[in-house]
Amino acid sequence: MHARTVVAAASLLAAVAPLKFPIAAQTWGQYGVTVYSIPSIFTSSIYSVNNSGQVPGGSTITNQAALFTPSVGVTVVANLGGMSSRAYAINNSGEIAGKSFGPDGLVHGFLASGGSTQDLGVFGGSVSDAVVINASGQIASRGPFGPDHHAIAFRMTNGVAQDIGSLGSGYSIIEGINDAGQVVGTSTLANGDQHAYLTVGGSMQDLGTLGSPFSAGLAVNNAGVAVGFSSLATSNTTQAFVWSGGAMSVLPGQGLFSMAVDISDNGIVVGTALAPNAFSQTPEGAFWENTAQGWVAYDLDRIVADNGNASWKIIEALGISDDGRYITAHIDYGNGIDGYSVLAANVAPVTTVPEPATFALFGTGLLGFIGTARRRRSFSDSSEMT
């Protein structure tokens, strides 16, 4: 795939017509979409999903790492013997990465595979986590924490940790990894600016920005295409980007804010876009597809509307499986009820209507969904696992 150049940002901001996502839900859901409601006892700060529709997270009942499977529900999966744990990532083989308190009261990253749980240890400090995992079991982690609470990103292969480095400051975080072992994330430069990065050929490559001092990389697919978001130099707006072929391009969306959080191997990008009507400040779940005419944005609401739920509103898309078949999403079901669900395309021609009692209540304000990028792999050990 070849992205358009960054100069598209200027024409984007100059456009005066409000954004209308093309009515093209058949692009993703032409064979029907099943909506699986995630019970409120399940909690996650990431909502990644594998090719079986499984979502890693935690159980509010046991306070331990758990897995949501559409056909099974919520099951507890792993811990290191401490008071709480959390699963962050799962690959298509079912291997799970996360973090857990141990009997000593310290937080360590773990790998759960084949019914056993491996303590990944720490890397010179006292804490670690495991935030992403690829098909070969490579894990990305963070640690140690210094006196300034800066994190150094690590990639682990066969139990050996490699320091990813930084763009000049000593601070970096990892948000995604592909099957080639490339990792994507955000690092601070020596001058204090924060830029998205991608490891290419064993070194960290600065992906740049859309003209401002800030960008954040959130995901990379197996073709090496990265996505995230960046603020713009010419206005107080932040827009989703795609990085491909050595260039960062803005993804279409004429509202005040958009963010791309994940990308499938077939090039479907999912995330959130603020509706063009600034007075409503309504977040919209969106996905982007690279067509012969360039990148096009679609409204995920069309998917549930075409399946007989016109009143439902997808507030944000949070993840997509490698094969593009499953999307995790935050949905407003109406009547003051909202929650998180797994959307499964090409699975069944009917929609499973969730029961209101299974939903957790969440706020849907602008600050809430802008914070998604930081929620996705936050390293707040005590607050996430208590």
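Since the structure is predicted, the reported quantities are computational estimates derived from the model, not experimental observations.

### Considerations on the overall build of the protein chain
Within the protein chain, the secondary structure is distributed over six helices and 28 strands. Within the protein chain, the fraction of its 386 residues that count as buried is 58%. Within the protein chain, counting contacts between residues at least 6 apart in sequence, those at least 24 apart form 46% of the total. Entry remark: accessible area of the protein chain is about 14,700 Å², with carbon and sulfur atoms responsible for 53%.

### Quick look at the environment of Ala135
Mapped onto the elements of the fold, Ala135 is located in the loop between β10 (129–133) and β11 (139–142). For Ala135, a relative accessible area of 47% translates into the label partly exposed. On a C-alpha basis, the gap between Ala135 and Asn178 in space is 8.0 Å, while along the polypeptide they are 43 residues apart. Every residue in contact with Ala135, bar those within four places of it in the chain, is listed here: Asn91, Glu95 and Asp179.

### Points about the packing of aromatic side chains
Summed over all chains, the structure comprises six aromatic pairs. Taking the centre distance of 4.7 Å and the plane angle of 85° together, the rings of Trp312 and Tyr333 count as edge-to-face. Here Trp312 is found in the loop between α3 (301–305) and β26 (313–320), whereas its partner Tyr333 is found in strand β27 (residues 326–334), with 21 residues between them in sequence. Exposure remark for Tyr333: the relative accessible area of 8% places this residue in the buried category. Grouped by ring-pair contacts, the aromatic residues Phe214, Phe229 and Phe257 constitute a single cluster.

### Observations regarding the sheet that holds strand β4 (residues 65–69)
An order of β2-β3-β4-β5 is seen for the four strands of this open sheet, with the pairing classed as antiparallel. Each edge of the open sheet carries a strand with a single partner, namely β2 (42–43) and β5 (73–78).

### Observations regarding the pairing of strand β6 (residues 85–90)
Judged by how many residues are buried, β6 sits mostly within the fold: six of six residues are covered. Two strands pair when backbone bridges link them, and β6 and strand β7 (residues 96–101) are joined in this way by five bridges, in the antiparallel orientation. In the strand pairing of β7, Ala89 is matched with Ala97. The turn linking β6 back onto β7 is made up of five residues, and Gly94 within it adopts a positive phi angle of 90°.

### A look at empty space enclosed by the protein
With the rule as written, the count across this model stands at two cavities of 30 Å³ or more. There is about 410 Å³ of room inside the largest cavity. In this structure, the largest cavity is lined by 29 residues; those nearest its centre are Ile90, Ile133, Ile177, Asp262 and Asp322. Counting residues per element, the ones that place at least two in the lining of the largest cavity are β6, β10, β14 (168–177), β18 (211–220) and β22 (258–263). In terms of residue class, the lining of the largest cavity is made up of 12 nonpolar, 10 polar and seven charged.

### Quick look at the pattern of salt bridges
Applying the stated criterion across every chain, the model contains one salt bridge. For Glu284, the salt bridge identified is with Lys313, shortest N-O distance 2.8 Å. With a gap of 29 residues between them, Glu284 in strand β24 (residues 283–291) and Lys313 in strand β26 connect regions that are remote in the sequence. Per residue, the accessibility class of Glu284 equals that of Lys313, and both read buried.

### Brief notes about the pairing of strand β1 (residues 33–37)
Judged by how many residues are buried, β1 sits mostly within the fold: four of five residues are covered. As defined by bridge partners, β1 adjoins strand β28 (residues 337–345) across five bridges and the pair is classed as antiparallel. Pairing of Thr34 across the sheet is with Ala344, part of β28.

### Some thoughts on the environment of Ser341
You can see Ser341 is positioned in strand β28. With residues up to four places along the chain from it excluded, the contact list for Ser341 reads Val35, Tyr36, Ser37, Ile38, Ile327, Thr328, Ala329, Ile331 and Tyr333.

### Topic: the sheet that holds β26
A sheet is described by the order of its strands in space; here four strands give the open sequence β1-β28-β27-β26, paired in antiparallel fashion. Each of the sheet's edge strands pairs with one partner strand only, and the pair in question is β1 and β26. In this sheet, adjacent strand axes meet at a mean angle of 30° when their direction is disregarded.

### What to know about unusual backbone geometry
For Tyr47, which is not a glycine, the phi torsion comes out positive at approximately 60°. We classify Tyr47 as buried; its relative accessible area is 5%. With a phi close to 60°, Asn63 is a non-glycine residue in the positive phi region. Within the fold, Asn63 resides in the loop between β3 (55–59) and β4. Taking relative accessible area as the criterion, Asn63 reaches 24% and is therefore assigned partly exposed.

Conventions we followed
Residues numbered from 1 in each chain as written. Predicted model: local features only at pLDDT ≥ 70, side-chain atom pairs only at ≥ 80, totals over all residues. Heavy atoms only, no water. Helix = DSSP H or I, 4+ residues; strand = E, 2+ residues; numbered from the N terminus. Buried < 20%, exposed > 50% of the residue type's maximum accessible area, 1.4 Å probe, protein only. Contact = heavy atoms within 4.5 Å. Areas by Shrake-Rupley, 256 points an atom, 1.4 Å probe, with all protein chains shown as cover. Phe/Tyr/Trp six-rings, centres within 6.5 Å; stacked < 30°, edge-to-face > 60°. Pairing = 2+ DSSP bridges. 1 Å grid on protein atoms, 1.4 Å probe; cavity = no way out; pocket = protein on both sides within 12 Å on 5 of 7 lines; lining within 4 Å. Points joined across faces, edges and corners; volume = space filled by probe spheres on them. Nonpolar A, V, L, I, M, F, W, Y, C, P; charged D, E, K, R; others polar. Salt bridge = Lys/Arg side-chain N within 4 Å of Asp/Glu carboxyl O. Axes fitted to C-alpha atoms, helices over the stretch in contact; angles between N-to-C directions.

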